[in-house]
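Chain and residue survey
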Amino acid sequence: MKRGGRLRVMKFLAHLLLMSLLGIKRQEQMHLSDLEMQVAQLCVENTTLLKGLTDISHKFNKAVVDNHVLRSDVEALLLSSILSNSMVS
Ligand SMILES: *[C@@H]1O[C@H](CO)[C@@H](O)[C@H](O)[C@H]1NC(C)=O
């Protein structure tokens, strides 16, 4: 091959290499922005789930308190019923 021909082939190969590198870089950027979108979505989900968890634990705490109050009421009623029964008999 003549000297000019070889140079032209090398320029062509360099061009192909550059195109391929640019393609890889573009793919990497697309993958990166895809990952960034997923992270943003997961953060939103995290916030939603945490809010749900907070709501549920508030409800749970309220239920525990209500349960305690109800148990005390039942105990008081039982006690007063036992007392009034013992007074009748
Ligand atoms: C989810 O949110 C909580 C509270 O904002 C934070 O502490 C935690 O690091 C978050 N988790 C992720 C994976 O971002």
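Throughout, a residue's number is its position along its own chain's written sequence, starting from 1. Only residues with pLDDT of at least 70 are given local features in this predicted model, and only at 80 or more are side-chain atom pairs given and counted; all residues enter the totals for whole chains, interfaces and linings.

Some points on the overall build of the chain
What the chain contains, in helices and strands, is 1 helix and 0 strands. The atom set for the radius of gyration is the C-alpha atoms, and the globule formula is 2.2 Å times the number of residues raised to the power 0.38. For the chain, the C-alpha radius of gyration of 38 Å lies well beyond 12 Å, the compact-globule estimate for 89 residues. Its C-alpha atoms give the chain principal-axis dimensions of roughly 125 × 15 × 5 Å. Counting from the N terminus, the helices are DSSP H or I runs at least four residues long and the strands are E runs at least two residues long.

Side note on the environment of V69
Here V69 shows up in helix α1 (residues 3–88). As for V69 and D34, which are separated by 35 residues in sequence, their C-alpha atoms are 52 Å apart.

Details of α1
Take the number of residues in a helix, subtract one, and multiply by 1.5 Å to get its expected span. Helix length check: α1 (86 residues) gives 125 Å between terminal C-alpha atoms against 128 Å at 1.5 Å per residue, within 8%. Counting other C-beta atoms within 10 Å of its own, a residue is labelled buried from 20 upward, exposed at 12 or fewer, and partly exposed in the gap between, with every C-beta atom placed from the backbone. Little of α1 is tucked away: 0 of the 86 residues are buried.

Digging into the environment of M37
With respect to the helices and strands, the residue M37 is situated in helix α1. With 27 residues separating them along the chain, M37 and V64 place their C-alpha atoms 40 Å apart.

Notes on the environment of R8
Tracing the backbone shows R8 in helix α1. Since 12 C-beta atoms lie within 10 Å of it, R8 is described here as exposed. Separated by 19 residues in sequence, R8 and Q27 have C-alpha atoms that sit 29 Å apart.

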